[in-house]
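Chains, contacts and geometry: an overview
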Amino acid sequence: MTVTDSPTTTGGVLGQRLLRKEDPALLTGEAKFTADLAIPGALHLALVRSPHAHANITSIDTSAAAAMPGVVAVYTGADLMDAWGAPMPCAWPVTEDMKNPPHYPLATESAKYVGDGVAAVLATNDTAARDAVEAVDVTWEPLEAVVDLEDSLADRVVIHPDLGTNRSYTWDLKVEAEEGAVDRAFADAAFTVSERYVQQRLIPMAMEPRAVAAVPQPFGGDITLYSATQIPHILKVMSALTLGIPEHQVRVVAPAVGGGFGSKLNVYAEELLCMALARKHAVPVRWNETRSENAQATIQGRGQIQHIELAADADGKVVAMRVRLLADMGAYLQLVAPGIPLLGAFLYAGVYDLPQAYDFSCTAVFTTLTPTDAYRGAGRPEATYAIERAMDALAAEIGVDPLELRRRNYIQADAYPYTAFTGLVYDSANHPQGADIAADLADYAGVRQRQTSQNVNGATKRLGIGVSSYFEMCGLAPSRVLASLAYSAGGWEAATVRVLPTSKVQVVTGSTPHGQGHETAWSMIVAHKLGVSPDDVDVLHSDTAISPLGMDTYGSRSLPVGGVAVAMACDKVIDKAAQIAAHQLEADVADLDFAGGAFTVKGSPDRSMPLAAIAFEAFTAHNLPDGLEPNLEAQVSYDPPNFSWPFGTHMCVVEVDVETGDVEVLKYVAVDDCGVQVNPLIVEGQVHGGVIQGLAQALYEEAVYDSEGNLKTSTLAEYMVPAASDVPPVTMGHSVTPSPTNSLGVKGVGEAGTIGAAPAVINAIVDALSGLGVRDVPMPASPFTVWKVINEARAGGSSDATDAAGTEVGDHEGVTARTTVGGGGDESTANEENGSTS
Amino acid sequence: MIPAAFDYVRAGSAEEAVELIGQHGEEAKFLAGGHSLLPLMRLRLAQPSVLVDIGRISDLSYIRDAGDHVAIGALTRHSEIEHSDVLAQHVPLLAHAASQVGDPQVRHRGTIGGSLAHADPASDLPATTLALGATYVAQGPGGTREIAAADFFESFLMSTLAADELLTEIRVPKMDGAGWSFQKFNRRAQDWAIVGVAAWRRNGAAGVGLVNMASTPVLATSVASALAGGASIADAAEQAAAEADPTADLNASVEYRIHLAKVLTRRALEAASA
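Residues numbered from 1 in each chain as written. Chains lettered and ligands numbered in written order. Predicted model: local features only at pLDDT ≥ 70, side-chain atom pairs only at ≥ 80, totals over all residues. Heavy atoms only, no water.

Side note on the interface of chain A and chain B
The interface is formed by 33 residues belonging to chain A together with 22 residues belonging to chain B. With both chains or domains summed, chain A and chain B bury close to 2200 Å², and 58% of this area falls on carbon and sulfur atoms. Counting every contact that joins chain A to chain B gives 5 salt bridges. Put simply, E659 of chain A and R266 of chain B hold a salt bridge, and the shortest N to O gap is 2.8 Å. Linking chain A with chain B are 15 residue pairs in polar contact (both at pLDDT 80 or more). The set of elements that each furnish at least two residues to the side of chain A that touches chain B consists of α3 (126-135), α8 (291-297) and α20 (783-795) of chain A. (Contact = heavy atoms within 4.5 Å. Buried area = accessible area lost by both parts, 1.4 Å probe. Salt bridge = Lys/Arg side-chain N within 4 Å of Asp/Glu carboxyl O. Polar contact = N/O pair within 3.5 Å; in protein donor to acceptor, adjacent residues only side chain to side chain. Helix = DSSP H or I, 4+ residues; strand = E, 2+ residues; numbered from the N terminus.)

Focus on the packing of aromatic side chains
All names here are of chain A. Overall, the coordinates contain 24 aromatic pairs over all chains when judged by the stated rule. Seen from their ring centres, Y197 and Y385 are 5.5 Å apart, and the 80° between their planes marks the pair as edge-to-face. Taken as a pair, Y197 in strand β9 (residues 191-202) and Y385 in helix α10 (residues 380-398) lie far apart in primary sequence, 188 residues in all. Residues Y197 and Y385 agree in their burial class; the two are buried. Centre to centre, the rings of Y416 and Y418 are 6.1 Å apart; their planes meet at 50°, and the pair counts as tilted. Judged by relative accessible area, which is 13%, Y416 ranks as buried. (Phe/Tyr/Trp six-rings, centres within 6.5 Å; stacked < 30°, edge-to-face > 60°. Buried < 20%, exposed > 50% of the residue type's maximum accessible area, 1.4 Å probe, protein only.)

Digging into the side chain of Q516 of chain A
As for its position among the elements, Q516 of chain A is in the loop between β21 (505-509) and α15 (518-530). By relative accessible area, which is 7% here, Q516 of chain A ends up buried.

Regarding the domain arrangement of chain A
Residues and elements named next belong to chain A. Per the domain assignment, the segments of chain A are domain 1 (2-31 + 492-638), domain 2 (34-143 + 209-257 + 264-297) and domain 3 (379-476 + 642-828). Computed over C-alpha atoms only, the centres of domain 1 and domain 3 are separated by 39 Å. The interface of domain 1 with domain 3 comprises 26 residues on the first partner and 25 residues on the second. Across the interface of domain 1 and domain 3, roughly 1800 Å² is buried in total on both sides, 63% from carbon and sulfur atoms. In this assembly, domain 1 and domain 3 are joined by 1 salt bridge. The salt bridge involving E684 is made with R17; its shortest N-O contact spans 3.0 Å. Linking domain 1 to domain 3 there are 9 residue pairs in polar contact (both at pLDDT 80 or more). Per element, the largest residue contribution to the side of domain 1 that touches domain 3 is 6 residues, and it comes from helix α16 (residues 558-585). (Domains from an automatic or database assignment.)

Considering helix α18 (residues 680-699) of chain A
Residue and element names in this part refer to chain A. Between its first and last C-alpha, α18 extends 28 Å over 20 residues, near the 28 Å set by a 1.5 Å rise per residue. For α18, the buried fraction is high: 19 of the 20 residues fall into the buried class. In this structure N679 caps α18, since a side-chain oxygen of it lies 2.9 Å from the backbone nitrogen of L681. (Expected span 1.5 Å × (residues − 1).)

Topic: the confidence of the model for chain A
Averaged over chain A, the pLDDT score is 93; the fraction of residues at 70 or greater is 94%. Contacts of residues 798-838 of chain A to residues separated by more than four positions or lying in other chains number 120 contacts, the stretch itself having pLDDT below 50. (pLDDT = per-residue confidence, 0-100.)

Some thoughts on the pattern of salt bridges
Summed over all chains, the structure comprises 51 salt bridges over all chains. E165 of chain B serves as the salt-bridge partner of R145 of chain B, at 2.7 Å between the closest nitrogen and oxygen. You can see R145 of chain B sitting in strand β7 (residues 143-148) and its partner E165 of chain B sitting in the loop between β9 (158-159) and β10 (166-173), a full 20 residues away along the chain. Linked by salt bridges that have partners in common, R49, D126, R130, R210, E270, E289 and E293 of chain A make up one network.

Here's the deal with the sheet that holds β21 of chain A
Residue and element names in this part refer to chain A. Spatially, β22-β21-β20-β26 is the arrangement adopted by the 4 strands of the open sheet, whose pairing is mixed. The open sheet terminates on both sides in strands that have one partner only, identified here as β22 (537-540) and β26 (632-638). Recorded for the sheet is a direction-independent mean angle of 15° between the axes of neighbouring strands. Here β21 pairs with β22 via 4 bridges, running parallel. By the bridge assignment for β22, Q506 is matched with D538. Strands β20 (493-499), β21 and β26 of the sheet are contacted by α16, whose axis makes an angle of about 145° with β26. (Pairing = 2+ DSSP bridges. Axes fitted to C-alpha atoms, helices over the stretch in contact; angles between N-to-C directions.)

As C-alpha cells, this is what we get:
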C-alpha cells in the first residue's frame, strides 16, 4: 500500500495559518475555568499562611475563627496528619543521597517560608473563610531567615534540623576525553574567561491563578478533582499516593487553564487539602487562589548563581568549560525541582562544538523562601544565558566580534546528526544559516556602523546589539534517558484516533493544553493524515476519565511526542481501514493507494472507497474481513527515540540612556527553527510570548525578598510583568530543518523564545555600554540597576576616553549582512499572552 | 484580595455627601472612581466601615472656561481631562499629564478630585496642579472654601481637607501660551512615576512640580527662582531637589531619585523653552 499524506509544502493542511479552534470560546468568555464551575453546596477553603519566613509554631487557637458565621471547621496541620498516606511528592531524586525534608500540605511544627500554610478554614463561602483566617490566632517563635544561597550553603542557620544541612544535593557531570583534559585545556588556553551570573527568582504569574475543586461521590469513595493544572494525569497518580486512596477512585479534570509556564506542573497543598476535606466532610470543597497568594504560594522559577569558565585556543575556539551552579530549591522540594538545574547541564555548551572537556557541578540548597520548580524553559534558559553571555565575554577578551566568534564555534550544518560531548545526539540544525537570517533582519552590519558614529565621547544614548544562539533540548524525553537521570516517570505520550460512523474523527490525547492550541494543531495533523477537514476533528483531553493515559504538557513536549503519537495513531487507523477497503474492493492491501481520504486500487481509479464509507462499515460490522474487530480506532503510546532540538539565533538592538539608565529596545529579531511547522500562527504566538517572557526576565521581573524573607513584590504593582505597551515588536524569521527522529519532522517550540531572549537583551546592553567599561549588567536591567552599573564602571577608572576610538565595537571583520533564505518579515505587536509549556 | 465588610451609601448631591460623611464619622470614606481606595481595601490596608459613593453626582463633572482659569469639577474623569478641547487650548500641560495616568481603564474611572484628595505624592495630577498654581474648592458642613494647591498637601496621603469636607472643584490658571513639558519616568506605562516633572515656562516665569520626590508633591521653587535670577537651564535644574526629600524603594535609591529629578527637570525645561 502506498500512503500519501497531504503535502507538507504547498496546498496541504500542514503549514497553514489556521485560526485557533480554541479562541472563540476563550474570547467570548464561554470557556469555563475551574473558578467558573458552578458546584452547588461546595465549601470554600482558605489557608492561614505564615507571615514569617522561618518560625516555630508555639500554638494555634482556632476557637474564635470556628465560631464565626459561615465557618464549618478549622483545622491545624496536626489535625490533618492522619489524612495523608505520604508526604507531598518530589518525583526527581537526582542523587541517591539527596536530602528531601518531609513536606505536608500544612506545616505542623514550624513554617519555612512566608506563605507556608499552617491552618485551613472551611466555610460556606469564600468571604467568610477569608474573614475567619484573620481570626485564627497563631503564636509564633520567629527564627532567622535564610535568603541568600551562599549563606545557606554555609549552614549558619539549618532550615530543616533533621537533615543537619541546607545542602540538598550535589550533582556532577564530568566528561573528559582523558583524565585531566579540562585542567590541561585551561592551562594551555590562549584565552580564558571566568564569569559569575545571577539568575534572579521569577514569579510565573500565569494569567489565571490556581483554582481547585474536589467533588466526592456520595457513595463509594470516588472523587473528582478539578484543578487549574498542566498535569491531570500525573496529579491523579500523585494525589492517590499522597492521600493513600486507590488510584482508580480518583478522576482529575483540568478545565480551561489560563497559562501555566511550569507553575501548574506540580502537586500542591491546596489540591490535596481540598480532596482530603471533601472526603472528610462528604461535600465538595473548593479553593480559589488570590493574586498575592499566587505570588507567595505557587512555585517560583530560576534562582541560581552560575559560575562559568571558558578556555579557548588562539582562534577563539572553545576547548573546555567549567560550570558551577548553586541552585535555590526554596523551603521544600516540589515535584521536579531538583532536576531543573540539571536539565541545563547538557546545554552549557550551547550550539558550539565543544570537545570532551566539560566539568559541571550543581549544588542545590534550601532557603526560607517559596519553593522553586520548573518555569518556562526550566534549566535551559539559565544554561543558554550563561554560555551566551560568556561567549560575549570571550569575544571581548579576544577582541573579536561576538557574532564572528560564534561562527567560529558553531557546530556546522554538515555535522548533523551530531554526537555531543555528553553522548546526546543532536538531531538536526543549521546554526550559520539562522545567524545569517538574523543578522540580515537586524541589520547587524549597519548597527555596527552606526555605533561608530553614535557611541562617541559624551553621547547620552548609546547603541548596542546583542546576539544569542540557542538549542532547546525538548520533547522530554526518551524514557530510558529519564531513567538515567533518576526521573520517576516516563517520557511517552498516548493518543487515540477514532473515526466515528459519520466519519467525524475523535482524537483523545494525553497532552494537556493550557493555552497552546493543541485542539487546532492535532486537528491539522489528523486532517493531514486522514484527508478529512480539520473542522471534522474533535480533540478530547485534560480529563483522566476520557483520556486515561498521558504524561501531560511541559518541556515543549506536546508536538514532538503527543502530536507524533496522534500521527502514528492515524497510521494505525489507515492500516485497519485498508483491510476493510481491500475486503470491500476485493483487492490486496498491497494493491491499494490511500490519498486524499480515499482508498483506490492501483491502476483502477474507479475502484475507490472513501474513509467515510469504511468508517460506517467498521461501525455496522456487517461485512468485515474474518477476524477483524469492529470499529475504526487505534491507540498509540509513543516513546520518542531522542529529544528534539529546536534552535535559533536572536538579536536585540537597544539604546541605553546613560543619564537615566533607561533601556529602549529598538528592534528584536527572533529566528527560530522548530522543524516542520504544523501551524505557523501558533508557532509565532509561542515564539512571541516566549520572547516577551525572556525579555521580561532581562529587563523587568524579579521576585524581591528582604533580609527577613518577606516578598516585596507580591502584587502586579511591584512585580513587573511588562504590558503590551512596554515591549517591542518582535521581528520573526525562521528556517525549517526537519527533525529526522519523527515522521512529521517536528520539534517543540514552547520555550524557544524564552531561552533565546534574555542573553540577547543583556548582551545588547553590555555592548552599548562597553565603551564605558561595563562588562556585565545584572538582571533585571532596570534603569536604577543600569545607572548604578554605569556609575561603578566610571568610578572604576574607565572613562569615555576608552571608547573614543570606538574600535572594539566598530571593528568586526568577517561580519556582513548576507542575503538569506527563509527569513520572514512578520512583525506582530506584543499584546497577547500565549500559553506555553514550561 | 477580598475587602473587609463595609456599608455602602450613595449620595445624590455634594450637600448630601457631606451630610452622610458627617453622620458616619471618621471611619467613613468617599468613593469616587475607586482607583486608589479600592486596591487598598482589597489588600485590607484600608478598612473603612462605610463608603459614601459620590460617583453619580453628575453636576460635579465638568470642564468650564472661567475667564482667567479653567474650572474642573472634582468628579471629572482623567480621560475627559485628557481629551478636553478647553484644556488643550488653555492648560495643555494638565491635559497631557492626565493622559499619562495609569492606563485607559484607570483613566476612564479615576477622577481628578479623587486623585488630589488621595494626596499621593507619586500621582501625576497633584504635582502638575501644584506647578500650575491651581486652587481647590472644598465643601463642608459650613459651606465652601478655597485652598491653594501649595497649602493643600500636608503629608503622605494626607491633605488639609477636613474629614467631613468634599473636594468639589479645581481651578487651574490658564497657561497663556507658556511652553511646557511633562517628564514621567517609569518602567511600565501604567506605573506610578519613579520620578516625574511637570514644568512650564513663559517669559521669565516658570513652575516646576515634582512627582514622587517627597512625602507630598513638591513645588520646586528654587528652580523657578534660579531661572528668574538668570541662571541657565542646566544650572537651575541642579536646584531641582532643593525642596525634595525623597525616599528609597525597589525602583530607586534616594540618590538616584535626586539625580533623576535634576536630569528630568533639565529636560523638561529644555522642552518647555524650545
